[in-house]
Amino acid sequence: MKKYNHLIDLGDYSVEQWNEIIQLASTIMKNPHIYEGACTGKIMATLFYEPSTRTQMSFQAAMLRLGGGIIGFDNPETSSIAKGENLKDTTKTVSAYSDIMVMRHYLEGTVKAAALTADCPVVNAGDGGHLHPTQTLTDLMTLTEEKKRLTDLNIGICGDLKNGRTVHSLVRAISKYDNNKLTFISTPELGLPDYLKKELTESGTICKDVPSLEEALPELDVLYMTRIQKERFISDEAYEQQKDVFMLNMAKLKSAKDDLIILHPLPRVDEIANEVDDDPRALYFKQANYGMYARMALILIMLDYDMKMKPLLNGGNSKGLECKNPRCIVNNEHGLVHSFVETNGVHVCEYCEERI
Ligand code: NCD
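Predicted, not measured: the structure shown is a model, and the values here were computed from it. (Residues numbered from 1 in each chain as written. Predicted model: local features only at pLDDT ≥ 70, side-chain atom pairs only at ≥ 80, totals over all residues. Heavy atoms only, no water.)

(A) View of the pattern of salt bridges. A full pass over the atoms with the stated rule returns 17 salt bridges. Residue glutamate 50 pairs with arginine 232 through a salt bridge whose shortest N-O separation is 2.9 Å. Here glutamate 50, found in the loop between strand 1 (43-48) and helix 2 (54-65), pairs with arginine 232, found in the loop between strand 8 (222-225) and helix 9 (236-242); they are 182 residues apart in sequence, far enough to count as distant. Accessibility classification places glutamate 50 together with arginine 232 in one group, the buried group. Two residues, glutamate 353 and arginine 355, come together in a salt bridge whose shortest N-O distance is 4.0 Å. Take glutamate 353: its relative accessible area is 14%, and that puts it in the buried class. On the basis of relative accessible area, arginine 355 is assigned to the partly exposed category, the value being 33%. Several salt bridges converge on common partners, so that one network encompasses Asp9, Arg172, Glu199, Glu353 and Arg355. (Salt bridge = Lys/Arg side-chain N within 4 Å of Asp/Glu carboxyl O. Helix = DSSP H or I, 4+ residues; strand = E, 2+ residues; numbered from the N terminus. Buried < 20%, exposed > 50% of the residue type's maximum accessible area, 1.4 Å probe, protein only.)

(B) Structural view of the sheet that holds strand 8. Spatially, the five strands line up as an open sheet ordered 7-6-5-8-9, and their pairing is parallel. The open sheet terminates on both sides in strands that have one partner only, identified here as strand 7 (206-210) and strand 9 (261-263). Across the sheet, the mean angle from the axis of one strand to that of its neighbour is 20 degrees, orientation sign disregarded. One ladder, built from five bridges, connects strand 6 (residues 181-185) with strand 7; its direction is parallel. Among the inter-strand pairings, phenylalanine 184 is bridged to a residue of strand 7, identified as aspartate 209. Relative to strand 5 (residues 154-158), helix 6 (residues 165-174) is tilted by about 165 degrees, and along the sheet it contacts strand 5, strand 6 and strand 8. (Pairing = 2+ DSSP bridges. Axes fitted to C-alpha atoms, helices over the stretch in contact; angles between N-to-C directions. Contact = heavy atoms within 4.5 Å.)

(C) The packing of aromatic side chains, seen in detail. Scanning the model with the defined rule gives four aromatic pairs in all. Relative to phenylalanine 73, the ring of tyrosine 49 has its centre 5.4 Å away and its plane inclined at 80 degrees; by these criteria the two rings are edge-to-face. Of this pair, tyrosine 49 sits in the loop between strand 1 and helix 2 while phenylalanine 73 sits in strand 2 (residues 69-73), and the two are 24 residues apart along the sequence. Here tyrosine 49 falls in the buried class, since its relative accessible area comes to 10%. You can call phenylalanine 73 buried: its relative accessible area is 11%. Each ring, one from tyrosine 284 and one from phenylalanine 285, has its centre 5.3 Å from the other, and the planes form 65 degrees; the classification is edge-to-face. (Phe/Tyr/Trp six-rings, centres within 6.5 Å; stacked < 30°, edge-to-face > 60°.)

(D) Seen up close, the layout of surface pockets. Empty space within the second largest pocket amounts to approximately 390 Å³. Lining the second largest pocket are 21 residues, and of these Arg104, Arg165, Arg227, Leu266 and Pro267 sit closest to its centre. Residue assignment for the lining of the second largest pocket shows that the elements contributing at least two residues are helix 2 and helix 6. Tallied by class, residues from the lining of the second largest pocket come to four nonpolar, 10 polar and seven charged. (1 Å grid on protein atoms, 1.4 Å probe; cavity = no way out; pocket = protein on both sides within 12 Å on 5 of 7 lines; lining within 4 Å. Points joined across faces, edges and corners; volume = space filled by probe spheres on them. Nonpolar A, V, L, I, M, F, W, Y, C, P; charged D, E, K, R; others polar.)

(E) Expanded view of the site of the ligand. Lining the immediate surroundings of the ligand are Thr55, Arg104, His132, Gln135, Arg165, Thr166, Arg227, Gln229, Pro265, Leu266 and Pro267. One of the backbone nitrogen or oxygen atoms of proline 265 is found 2.9 Å away from a nitrogen atom of the ligand. For the ligand, whose unbound accessible area comes to 320 Å², protein coverage reaches 94%. Placement of the ligand is best described as lying within the second largest pocket. (Near = heavy atom within 4 Å. Polar contact = N/O pair within 3.5 Å; in protein donor to acceptor, adjacent residues only side chain to side chain. Areas by Shrake-Rupley, 256 points an atom, 1.4 Å probe, with all protein chains shown as cover. Sits in = over half its atoms within 2 Å of the grid points.)

Set out below in structure tokens:
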């Protein structure tokens, strides 16, 4: 098994390493000129099989500001994928041209599957409705800069907690810091997946479900708004029932704390009224800017350090068990071995985390 410093889930790194990345990001933001040539001669590939503005461009801007070069695609139809090339062959080829590879894909577990055969470190820039660790680095940096702490925060997370990969990575990370409370503002249909609820309970993080923004807002230190993930719904009707349920406007914000900060991974659809943008508590565009520095720090650390990665798969071919998630890469790409880890009699797919 190769030992590159892949970042598939933030849990691949220790909390001390997350803190190191955030600290370096802050230093770079304050002294950008010092890092201008830090990646001269290095190449980053960005392979985006799903739309992106911030993640892709902030990664590219990060590498360019470090003096490195970029290659890649944001439309697989312009690459040999349109001719039928599989994930393994694309990964093998592109990783031979690059020093670091950033990948986003619409199927869960794809970036881990790519890392299995890549010849350079791989970063998960979002795999379906599963995880988005570099958005979480962005969020952790934003909290550090704006709230001066990652502990003792009451964080409200509103919108599509079921399909929102930014939410999944964020709650996992927040639960590793002391004394945070999570307030979930969602519909029963779009609540957090059970496996994450269980992880949060086991970590001792205090969680509560609140049905409306009005009820949640007075208590919150941070409000993390999210978009209803239209592309992950099985039908237009199902999406229509969920869209516009939660909308933040100035009237609702009247009851919020003066030092609340409002975050959103973006893109926004209708869940935050434009009028909120002028409120000093609205920090989502600043958050997007922090993301570039967080990614500069991540690139530097990934290229410089041997962080002794854990193996990507631990279970091997688990006694004929097969993942049942149709959106898992293992059910969509030939040649991948189904692989599970077992905890307390439950088998967890090592690509997408589906439980059987
Ligand atoms: C998010 C994503 O792609 O998951 N955007 C981002 O990366 N900043 C959020 C979303 O699409 O709603």
